[in-house]
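# Fold and contact review
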Amino acid sequence: PSMIKAASVYSDYQLILAGAPGIEPSYYDNYIDKDDQVVLVFNDTYSLLFHAEAALVTSGTATLETALFSVPQVVCYYTPLAPFISFLKKIVLSVKYISLVNLILNKEAVKELVAGSFSIHNIQQELQNLLYNLSYREEMMSDYQNVFRKLGEPGAPEHAAEIMIKLLNTKK
């Protein structure tokens, strides 16, 4: 609901919610008001990303997929008890980031609004940057290019498998 509310102020854009597989469409009725003008779409995420100007993203794999489609994004992850979770994050987690994009680059290329930083105001500010600040968008696109380089050329999984097979065969 917070993400919908934050994005709804950008009336120049169509707000589309990609429904999660395995969740009944009726579940979303609890969060989408008829006045919200939100379109709910299932099983078409890649087409949505292909046409997207910006994205609010919640899960790890989705952040990488969004980057691979070169869509500017902000990672939004609501947690109850935000101050407590923020405290735990500092002392318990051994990683600095939750987004695969940021983990790959070891820097916050994609803004992460998690726990204490998750708010409608912060989401709106980040969307403002993603949609209207050209240099901000270009910096994120440049960071995405670094992600692509780190992931390797097309066929990287096959190349990795070939190397592993070669190593296994030489260890006999």
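Here is a short report on the structure shown in this document. (Residues numbered from 1 in each chain as written. Predicted model: local features only at pLDDT ≥ 70, side-chain atom pairs only at ≥ 80, totals over all residues. Heavy atoms only, no water.)

## Comments concerning a nonpolar patch on the surface
We apply this condition: The residues that make up patches have over 30% relative accessible area and no salt bridge, and they are joined within 9 Å when like-charged or within 5 Å when they are Val, Leu, Ile, Met, Phe, Trp or Tyr. Only the protein chains shown count as cover for residues, with accessible areas throughout obtained via the Shrake-Rupley method and a probe of 1.4 Å. A pairing counts as a salt bridge when a side-chain nitrogen of Lys or Arg comes within 4 Å of a carboxyl oxygen of Asp or Glu. Helix numbering and strand numbering both begin at the N terminus, where a helix is a DSSP run of H or I of at least 4 residues and a strand a DSSP run of E of at least 2.
Where nonpolar side chains cluster on the molecular surface, the patch consists of Tyr-46, Phe-50, Leu-68, Phe-69 and Leu-151 and spans about 510 Å² of accessible area. Note that Leu-151 resides in helix α7 (residues 134–151).

## Structural notes on the sheet that holds strand β5 (residues 111–114)
Let me state the cut-off plainly: Pairing between two strands requires that DSSP report at least two bridges joining them. Every axis in this analysis is a line fitted to C-alpha atoms, fitted for helices over the stretch in contact. Angles between the N-to-C directions lie between 0 and 180 degrees. Should any heavy atoms of two residues lie within 4.5 Å, those residues are counted as being in contact.
In space, the 3 strands of this open sheet follow the order β3-β4-β5, with parallel pairing throughout. The open sheet has two edge strands, β3 (55–57) and β5, and neither has a second partner. In this sheet, neighbouring strand axes are inclined to one another by 25° on average, regardless of whether the strands run parallel or antiparallel. Sheet topology places strand β4 (residues 73–77) next to β5; 4 bridges connect them, and they run parallel. When the bridges of β5 are listed, Cys-76 appears paired with Leu-113. Of the strands in this sheet, β3, β4 and β5 touch helix α6 (residues 120–132), which is tilted by about 165° from β4.

## Considering α6
Rules: Every helix has an expected span of 1.5 Å times one less than the residues it contains. Summary of the burial criterion: residues with accessible area below 20% of their type's maximum are buried, those above 50% are exposed, and those between are partly exposed, where the area comes from a 1.4 Å probe applied to protein chains only. Arc definition: directions from the helix axis to the C-beta atoms.
The first and last C-alpha atoms of α6 sit 18 Å apart over 13 residues, in line with the 18 Å expected at 1.5 Å per residue. Along α6, the residues classified as buried are Ile-123, Glu-126, Leu-127, Leu-130 and Leu-131. Seen along its axis, α6 keeps its buried residues to an arc of 130°; they face one direction. Those residues of α6 that are buried lie in contact with α1 (2–7), β3, β4, β5 and α7.

## Observations concerning the nonpolar core
Using the following cut-off: The criterion is simple. A nonpolar core is a set of buried Ala, Val, Leu, Ile, Met, Phe, Trp, Tyr and Cys residues joined through side-chain atoms within 4.5 Å.
Ranked by size, the top nonpolar core spans 26 residues in total, and within it Val-101, Ile-123 and Tyr-144 carry the most contacts. Mapped onto this core, the elements with two or more residues apiece are α1, α3 (60–68), β4, α5 (100–105), α6 and α7. With 4 residues, α6 is the single largest residue contributor to this core. Aside from chain neighbours lying at most four places away, what touches Ile-123 is Ser-2, Met-3, Ala-6, Leu-56, Cys-76, Leu-113 and Phe-118.

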